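Geometric and topological summary
Residues per chain, in single letters:
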Amino acid sequence: MDTLALWPLVKTFTQRTGATMPVPDPETAVPKLAVSVLMLRRDAPELEIFIQHRATTMDFAAGAVVFPGGRVDDADYVAGAAAAPEETVLERHADAWHQTAVAANGDETLQELSVVLLAAAIREVREETGAALTASELLPWANWVTPPGGPKRFDTYFYLAIIGPSVNPRHQTTEADASHWWPVRKVLDEAAAGNLQLLRPTYTLLKDLAGFDDLQDIVNSGRPIIPR
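An account of the accompanying structure is given in this report. All values reported here derive from a predicted model rather than from experimental measurement. (Residues numbered from 1 in each chain as written. Predicted model: local features only at pLDDT ≥ 70, side-chain atom pairs only at ≥ 80, totals over all residues. Heavy atoms only, no water.)

**Section: the packing of aromatic side chains**
In this description, an aromatic ring pair is defined by two values, namely the gap between the centres and the angle between the planes. The following threshold applies: Each aromatic pair joins two rings of Phe, Tyr and Trp (for Trp, the six-membered one) with centres within 6.5 Å, and gets the label stacked for planes under 30 degrees apart, edge-to-face for over 60, and tilted for any other angle. Numbering of helices and strands runs from the N terminus, with a helix taken as a DSSP run of H or I at least four residues long and a strand as a DSSP run of E at least two residues long. Using a 1.4 Å probe on the protein chains alone, a residue whose accessible area is under 20% of its type maximum counts as buried, one over 50% counts as exposed, and one in between counts as partly exposed.
The full count for this structure, using the stated rule, is 4 aromatic pairs. An angle of 90 degrees between the planes, with centres 4.9 Å apart, marks the rings of Trp 97 and Tyr 157 as edge-to-face. With Trp 97 in the loop between helix 4 (87–96) and helix 5 (107–129) and Tyr 157 in strand 6 (residues 154–163), this pair connects stretches of sequence that are 60 residues apart. Here Tyr 157 falls in the buried class, since its relative accessible area comes to 0%. Aromatic pair Trp 141 and Phe 212: ring centres 6.0 Å apart, planes at 55 degrees, arrangement tilted. Placement of Trp 141 in strand 5 (residues 139–145) and of Phe 212 in the loop between helix 7 (200–210) and helix 8 (215–219) is noted, with a sequence separation of 71 residues between them.

**Quick look at helix 5**
Here is the rule we go by: A helix is expected to span 1.5 Å multiplied by its residue count minus one.
For helix 5, which comprises 23 residues, the first-to-last C-alpha distance of 33 Å matches the rise-based estimate of 33 Å (1.5 Å per residue) to within 8%. Gly 130, located one to two residues past helix 5, shows a positive phi value of around 80 degrees.

**Description of the pairing of strand 5**
Inclusion rule: DSSP calls a pair of strands paired once it identifies at least 2 bridges connecting them.
In terms of burial, strand 5 is a largely internal element, 5 of the 7 residues being buried. Pairing between strand 5 and strand 6: 6 bridges, direction antiparallel. Each residue of the ladder has a partner; that of Pro 140, found in strand 6, is Tyr 159.

**Regarding the side chain of Thr 173**
Spelled out, the test is: By definition in these notes, contact holds between two residues if any of their heavy atoms fall within 4.5 Å.
Along the polypeptide, Thr 173 turns up in the loop between strand 6 and strand 7 (176–183). What makes Thr 173 buried here is its relative accessible area of 11%. Sequence-distant contacts of Thr 173, defined by excluding residues within four places in its chain, comprise Gln 52, Glu 128 and Ser 179.

**Section: the side chain of Glu 48**
To be explicit about the condition: Polar contacts, as used here, are pairs of N or O atoms within 3.5 Å; protein pairs need one atom able to donate a hydrogen and one able to accept it. Residues neighboring in sequence count only if both atoms are side-chain atoms.
Position of Glu 48 relative to the elements: it lies in strand 2 (residues 48–54). A polar contact is formed between the side chain of Glu 48 and the side chain of Arg 41, at a distance of 3.0 Å.

**Topic: the environment of Leu 40**
On the secondary structure map, Leu 40 appears in strand 1 (residues 32–41). Between the alpha carbons of Leu 40 and Ala 161 there is a distance of 6.1 Å; along the sequence they are 121 residues apart. Once residues lying within four places of it in the same chain are set aside, the contact partners of Leu 40 are Leu 47, Glu 48, Ile 49, Leu 160, Ala 161, Ile 162, Ile 163, Trp 181, Leu 209, Leu 215 and Ile 218.

**Structural notes on the nonpolar core**
Within soluble globular proteins, side chains that are nonpolar generally end up buried alongside one another. Test applied: For this analysis, a nonpolar core means a set of buried residues of the types Ala, Val, Leu, Ile, Met, Phe, Trp, Tyr and Cys, connected via side-chain atoms within 4.5 Å.
Ranked by internal contacts, the top residues of the largest apolar core, which has 32 residues, are Val 37, Met 39, Leu 138 and Tyr 159. Every element with two or more residues in this core is listed here: strand 1, helix 4, helix 5 and strand 6. Broken down by element, this core gets its largest block of residues, 9 residues, from helix 5. Phe 158, Leu 196, Ala 210 and Ile 218 belong to the second-largest nonpolar core, a separate cluster that totals 25 residues.

**Comments concerning the packing of helix 3 (residues 74–82) against helix 5**
Filter applied, for reference: Lines are fitted to the C-alpha atoms to define the axes, a helix being fitted only along its stretch in contact, and any angle between axes, read from their N-to-C directions, falls within 0 to 180 degrees. Oblique is the label for every angle not falling under 35 degrees (roughly parallel), over 145 degrees (roughly antiparallel), or within 65 to 115 degrees (roughly perpendicular). Each residue receives one of three labels: charged for Asp, Glu, Lys and Arg, nonpolar for Ala, Val, Leu, Ile, Met, Phe, Trp, Tyr, Cys and Pro, and polar for the others, Gly being one of them.
Orientation of helix 3 relative to helix 5, taken along the N-to-C sense of each, is 110 degrees, at an axis distance of 8 Å. Accordingly, the angle class assigned to the pair helix 3 and helix 5 is roughly perpendicular. Seen from helix 3, the contacting residues are Asp 76, Tyr 77, Ala 79, Gly 80 and Ala 81; seen from helix 5, they are Leu 113, Val 115, Val 116, Ala 119, Ala 120 and Arg 123. Of the residues assigned to the contact of helix 3 with helix 5, the class counts are 8 nonpolar, 1 polar and 2 charged.

Set out below in C-alpha cells:
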C-alpha cells in the first residue's frame, strides 16, 4: 500500500496515543511520471541498442547503463496539447497503456497522458542524443514502477524506436559520460562479467530483447504491457 494511503490510519493512531510520527513527503511517496526510449539500430548485423553510461556524480542510477529518457516535465503537457499525434497513433498508445497507472482515471485522461508521455519521450531523445523522432516511430513497450522505500520513485514508460541510417543519435548529455551503439548481447555479457552496472528494469528489458530473432519479431510481438 502507498505511504500516503496509510497516513489517515497513522494520524488516528497518533491522536489516540500521543505518539509522534513524521509527515510523509508526497514528493518521495508518489512515483513521478518518466519515460525511456530503447532505440534499436535497423540493418545492423546483430541486434544493437543505443545506451548511455550514467555519470558517477548523478544522484540516481550513478554509473549505471541506461537508455535515453527522464522525468516528464511541465513543458511536455504544453507540447502535447499543441501537437497531438494522429488519432490512430493515439488510440494505439492509449490501448497499450490501459493497464498502467495513467489509465486510472478513465479513457479521456488516459489519452491525454498518452500524448504527454509521447511529448516527453520525443523531447528527451532530442535533448540527450540529437535524434528527432516522431510519435509514429515510438512503440509502447513496458512500464516499470520504482518500489516504495527509496528516496526517489518513478513510474516509467518505456518505448521502442527502430532507428534507420538517416537518424544519427550521438552523445550530448551531461548526465552520462558516454553514449553509443552496442550489441544487446554484449551489454548483457559485460554486465555478467561485472564490467557494467545494470538496473533491474534495464537488465530485464535487454534480456527480453535478446530472446527475439529479429526486429520484425520484436515489432510484431504484441505483448501486453503490465506494470512491474
